[in-house]
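Secondary and tertiary structure notes
One-letter residues, chain by chain:
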Amino acid sequence: MASGRLGQRQLMALERVLNELRRENLKRVVLLHHPPQQGAEPWRKALHDAQDFREVIARSGAELILHGHKHKPLRAALRGPEGLAVPVFGAGSASHKNAAHYHVFDLSSDGWQVLHRRCNKETRQFETVAEEKASFGETL
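In this text, all values refer to a predicted model and were calculated from it rather than measured experimentally.

Now for the side chain of His67. Following the sequence through the fold, His67 ends up in strand β2 (residues 64-67). What makes His67 buried here is its relative accessible area of 5%. Aside from chain neighbours lying at most four places away, what touches His67 is Leu32, His33, His34, Pro35, Pro36, Gln37, Leu74, Val88, Phe89, Gly90 and Ala91.

For the pair helix α1 (residues 7-23) and helix α2 (residues 50-60), interaxial distance at closest approach is 10 Å and the crossing angle is 15°. When the axes of α1 and α2 are compared, the pair comes out roughly parallel. Between α1 and α2 lies a crossing whose hand is right-handed. Here Gln8, Leu11, Leu14, Glu15, Leu18, Asn19 and Arg22 of α1 lie close against α2, whose contacting residues are Asp52, Phe53, Val56, Ile57, Arg59 and Ser60. Considered class by class, the residues forming the contact of α1 with α2 number six nonpolar, three polar and four charged.

Reading guide: rules and limits
- Throughout, residues of each chain are indexed from 1 in the direction in which the sequence is written.
- Totals for whole chains, interfaces and linings use all residues, but because this is a predicted model, local features are given only for residues with pLDDT of at least 70 and pairs of side-chain atoms are given and counted only at 80 or more.
- Calculated side-chain values reflect all of the structure's heavy atoms, with hydrogen atoms and water omitted.
- In this text, helices come from DSSP runs of H or I with a minimum length of four residues, and strands from runs of E with a minimum of two, each type numbered from the N-terminal end.
- Only protein chains enter the accessibility calculation, which uses a 1.4 Å probe; a residue is then buried when its area is under 20% of its type maximum, exposed when over 50%, and partly exposed in between.
- The contact definition used throughout considers only heavy atoms, calling two residues in contact when any of these lie within 4.5 Å.
- Helix axes are fitted only over the stretch in contact, all axes being lines through C-alpha atoms; the angle between N-to-C directions runs from 0 to 180 degrees.
- Orientation labels follow simple angle bins: below 35 degrees gives roughly parallel, above 145 gives roughly antiparallel, 65 to 115 gives roughly perpendicular, and whatever is left gives oblique.
- Crossing handedness: left-handed means the near helix sits turned counterclockwise from the far one by under a right angle, and right-handed means the same turn made clockwise.
- Asp, Glu, Lys and Arg are counted as charged, while Ala, Val, Leu, Ile, Met, Phe, Trp, Tyr, Cys and Pro are counted as nonpolar; the rest, among them Gly, fall into the polar class.

Following this line, the structure appears as structure tokens:
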């Protein structure tokens, strides 16, 4: 099994911290190992309380969610407060079949509301000429 679980104690602490940081108008980047989006992994490899995590994000929001686990790049969005999309990115790995790569995120803006609606990302990959650029501004 390669599954994971956050547990109620961590989820409650996460919600409290996300709300505090939002009140302070700070950018909130959530890092976790397993992908939180539905259907990203079969049960034996999944984050078992991912639905609870998604509910915390729907209530409290975040500007960006990053995860690993899959060893290949993934892109998704979770519903945040007021239906705004919270971008979710999974990073690849040098141990995967594909060339190593990494993401560069630009979270600059004039404030939480603007930032919550815009996240620019570049993916850079070892020894390739292809470069992906994505901008997230959609609502769910």
